[in-house]
Structures are given as C-alpha cells and as structure tokens.
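Structural characterization, general
Each chain, written out:
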Amino acid sequence: MAGTARTRWPWISLLLSAALVLNPVGLDFLHSAFFAGEQLARNIAQPIVLTALAIMAVVTGLEWLVRTLIARSRARGATG
C-alpha cells in the first residue's frame with residue numbers, strides 16, 4: 001500500500017522552524033538577541049526570540065502528539 005511508512009517525527013514543524021531561523025532575518029534576530037554589543041538591542045530582541053522559540057516548541061509538540069495519535073489509531077485498525 002502506498003503511504004504506509006508513517007513516522008511520528010514532527011518533520012513539518014521542524015523544517016518550518018529551520019526555515020524561519022536560518023534565513024537572513026532570523027539569523028539577524030538571533031545575533032541581535034544574544035551577541036549584540038548594545039544592551040538595548042539585546043533587551044528588545046531576546047523576548048521576541050524566546051517567544052518564537054516557545055511557539056515553535058509548542059507547534060512541534062502538537063505535531064508529534066497528532067502524529068502519535070494517528071499512528072495509534074491506524075495500528076488499531078480504526079477507520080476515519
């Protein structure tokens with residue numbers, strides 16, 4: 001059957017998180033939050049970066065939970 005190799009790994013949210021962080025704007029925010037020479041820049045950027053990190057962690061956890069529930073449902077043979 002096609003599509004039977006399902007994984008619980010939350011790869012969609014991890015790829016989205018990597019795309020958000022590893023672009024020039026995301027890297028600039030990370031640099032401003034932790035490595036800026038100015039205290040004001042760090043004080044402004046750190047809450048933004050930490051909030052975004054928390055949101056990405058919650059989305060990753062939710063994706064993992066949904067994938068786990070779907071995998072268990074399919075293992076039992078329940079139909080949608």
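Since this is a predicted model, take the numbers as computed values, not measurements.

Where helix H1 (residues 11–21) contacts helix H3 (residues 39–76), the axes come no closer than 8 Å and their chain directions differ by 160 degrees. Judged by the inter-axis angle, H1 sits roughly antiparallel to H3. Crossing of H1 against H3: the hand is right-handed. Between H1 and H3, the contacting residues are Trp11, Ile12, Ser13, Leu14, Ser17 and Val21 on the first element and Met56, Val59, Thr60, Glu63 and Arg67 on the second. A per-class count over the contact of H1 with H3 returns six nonpolar, three polar and two charged.

With that settled, consider the UniProt feature "transmembrane region" (unreviewed entry) in the protein. When the UniProt feature table is mapped onto this chain, "transmembrane region" (unreviewed entry) is found at residues 43–66. What you have in residues 43–66 is 100% helix and 0% strand, and the ends, taken at the C-alpha atoms, are 36 Å apart.

Below, the discussion takes up the environment of glycine 61. Examined against the element boundaries, glycine 61 turns out to sit in helix H3. Glycine 61 sits 51 residues away from proline 10 along the chain, and the two C-alpha atoms are 7.8 Å apart.

A few words now on the packing of helix H2 (residues 24–34) against H3. Following both chains from N to C, one finds H2 and H3 inclined at 125 degrees, their axes separated by 7 Å at the closest point. Considering their axes alone, H2 and H3 lie oblique with respect to each other. As H2 runs across H3, the sense of the crossing is left-handed. Judged by residue contacts, Phe29, Leu30, Ser32, Ala33 and Phe34 of H2 engage Ala41, Arg42, Ala45, Gln46, Ile48, Val49 and Leu50 from H3. Here the residues of the contact of H2 with H3 are counted per class, giving nine nonpolar, two polar and one charged.

Calculation criteria
Residues numbered from 1 in each chain as written. Predicted model: local features only at pLDDT ≥ 70, side-chain atom pairs only at ≥ 80, totals over all residues. Heavy atoms only, no water. Axes fitted to C-alpha atoms, helices over the stretch in contact; angles between N-to-C directions. Helix = DSSP H or I, 4+ residues; strand = E, 2+ residues; numbered from the N terminus. Parallel < 35°, antiparallel > 145°, perpendicular 65-115°, else oblique. Left-handed = near helix turned anticlockwise from the far one by under 90°. Contact = heavy atoms within 4.5 Å. Nonpolar A, V, L, I, M, F, W, Y, C, P; charged D, E, K, R; others polar. UniProt positions renumbered as here; feature names shortened; annotations may be inferred.

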